[in-house]
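Structural overview
Listed below, chain by chain, are the residues.
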Amino acid sequence: MTIRTRLAIATGASAVLVALVTVAGQNQSSDTKAAAPAANWTPPRTPDGQPDIQGMWTNYTNTPFEVFDESDKPDFYGGDVDGKGAGTGPGFIADTFGRKLSKGRSLVVDPPSGRVPIMEWAEKQRDYRLLHIQDDWVNFTPWERCITRGVPGGIFPPGYGAGYQILQGPGYVAIIYEMIHEARIIPVDGRPHLHSSFKLWNGDSRGRWEGNTLVVDVTNYNDKGNVATNIATQRVRSIPQSEALHVVERFTRVDEKTINYEVTIEDPKVFTAPWKVAMPLNLEPDYKIFEYACHEGNHAVPNTLSAGRAQDRGGRASRSQ
Amino acid sequence: MSPRLLLALVATGSLVVATPVPAIAHHAFAAEFDGSKPVTLKGKVTRMEWINPHAWLYLDVSMPNGKVVNWGVEGGAPNALLRRGWNRNSVLPGTEITVEGFRAKDGSNRANGRQVILPDGKKLFIGSSGTGAPLDGRDPTEAKK
């Protein structure tokens, strides 16, 4: 599917389509391939000497998260609780807002297969929770519950709200995520991780600079979250995180307009091997982050549960997984 | 023209099945709404809630029994609607509109919106997770892909 960013307006009875694509400053190309470092480009420095990665960045993309496999169940991963093949609903729009998006092989670059090495128990837990989402709020992902999209899940591209503002101050790097209204404040002053008794939804981030690369080491996770929450992550959506999760992110500004982002994820209780995602973040200085106060009106949770109760009263067939 | 319910519950077996492309859902459409129950609502806007994670549009609809019922229609996230061209004046209270969408599974007067048709015939795509996108083939008056 190509760009679906037009707001179709049919004027009068003639129903003539007019493309309304003019979203100020957002029509540039947005290549999803990792960029090669520019040969003669040196990143600027902040006043305190850090490589300067500040700016407004986006990562809209048409690249699938994993390489597709015939055993995949895309409708199911999209929430098809009835098995009608309509998990994500009839028709779909990816709000790319006028960008020209390239489509690469997969965001997962390691293992080379482009497939995340998920343990069988974790896939079973995902399946159960997706199938029984109408039965209990704990079966929703933390995004659906408006808690968090997680780390690193918060930077896995959603189809809208894919803006990230990076700000730096002495000893810190801050990242504001448009989706879902989250901010990370990452110390880069050499302090150690929190004591292991602290368990957090998004873990404890500690950054350091290796040359021009910001390396962020994330530990101290709780076991309540998910590695990925949005439907674009398909098979990995709703896969649990354990307290053993260890994430290492690398942000490298390779030219004025591009940060190469890489993240290595290891969780020996959930995955049989570490795996890695790589993608560019593209500079969009005119992009505006809108407030996304997710819990403001999250009717989806009670409405989904009430849909399940209504179906129970109507004699919904028992579900087996 | 008084508000009226145009069409409800047109069962169809011809749903457009989603393919594994990047998807935008905050939540699963099918857990809450029934893709086999499209509904067309016609009535006057009572309010538009620009709330996250999904905007909600409310309108008074005259049901077949003559009773006026307030329906709620789930739309996309405010930031997505704004970027598609919506603004605070797009559907002011009192505006006579037609909404195409899909009914809630719990039987309440709620729907997941696909598009809003304004009095002058203009169409605004309000879709959130899993509603038909422009050019998805459902509207014969739209140009083909």
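Cut-offs used in this document
Each chain carries its own residue numbering, running from 1 in the written order of its sequence. For this description, chains carry letters from A and ligands carry numbers from 1, given in the order in which they are written. With pLDDT at 70 or above as the cut-off, local features in this predicted model cover only qualifying residues; side-chain atom pairs require 80 or more to be listed or tallied, and sums for whole chains, interfaces and linings still use all residues. Strands here are runs of E lasting at least two residues and helices are runs of H or I lasting at least four, both read from the DSSP assignment and numbered beginning at the N terminus. Residues are called buried when their C-beta atom has 20 or more other C-beta atoms within 10 Å, exposed when it has 12 or fewer, and partly exposed otherwise; all C-beta atoms are positioned from the backbone. We call two residues in contact if the C-beta atoms placed from their backbones are at most 7 Å apart. Under the definition applied here, buried Ala, Val, Leu, Ile, Met, Phe, Trp, Tyr and Cys residues are grouped into a nonpolar core through C-beta atoms within 7 Å.

Some words on the overall build of chain A
Looking only at helices and strands, chain A has 3 helices and 14 strands in total. Here chain A holds 321 residues, and the buried ones make up 45% of them. Sequence-distant contacts in chain A: of pairs separated by 6 or more residues, those separated by 24 or more amount to 65%.

Digging into the overall build of chain B
Regarding its fold elements, chain B presents 2 helices and 7 strands. Relative to its full complement of 145 residues, chain B shows a buried share of 51%. For chain B, contacts bridging at least 24 residues in sequence account for 57% of all contacts bridging at least 6.

Things to note about the nonpolar core
Most often, soluble globular proteins have nonpolar side chains that are buried together. By size, the foremost hydrophobic cluster in this structure holds 86 residues, and its most contacted members are A:Y164, A:Y261, B:L41, B:L57, B:L59, B:W71 and B:A111. For B:A111, the contacting residues outside a window of four places in its chain are B:V39, B:L41, B:W71, B:V73, B:G101, B:F102, B:R103 and B:A104.

Regarding unusual backbone geometry
The phi angle of most residues is negative, glycine excepted, and most peptide bonds adopt the trans form. Residue and element names in this part refer to chain A. Cis rather than trans, the peptide bond between V151 and P152 has omega equal to 15 degrees. Within the fold, P152 resides in the loop between α2 (120-131) and β7 (163-169). Here the bond from M179 into I180 is cis, since omega is -5 degrees, no more than 30 degrees from zero. In this structure, H181 takes a positive phi of about 75 degrees despite not being glycine. Here H181 lies in the loop between β8 (172-177) and β9 (182-187). Of note, the phi angle at Q234 is positive, near 50 degrees, even though the residue is not glycine. Here Q234 shows up in the loop between β11 (213-219) and β12 (246-255). Judged by C-beta crowding, with 22 C-beta atoms within 10 Å, Q234 ranks as buried.

This is a description of form; function is not addressed.
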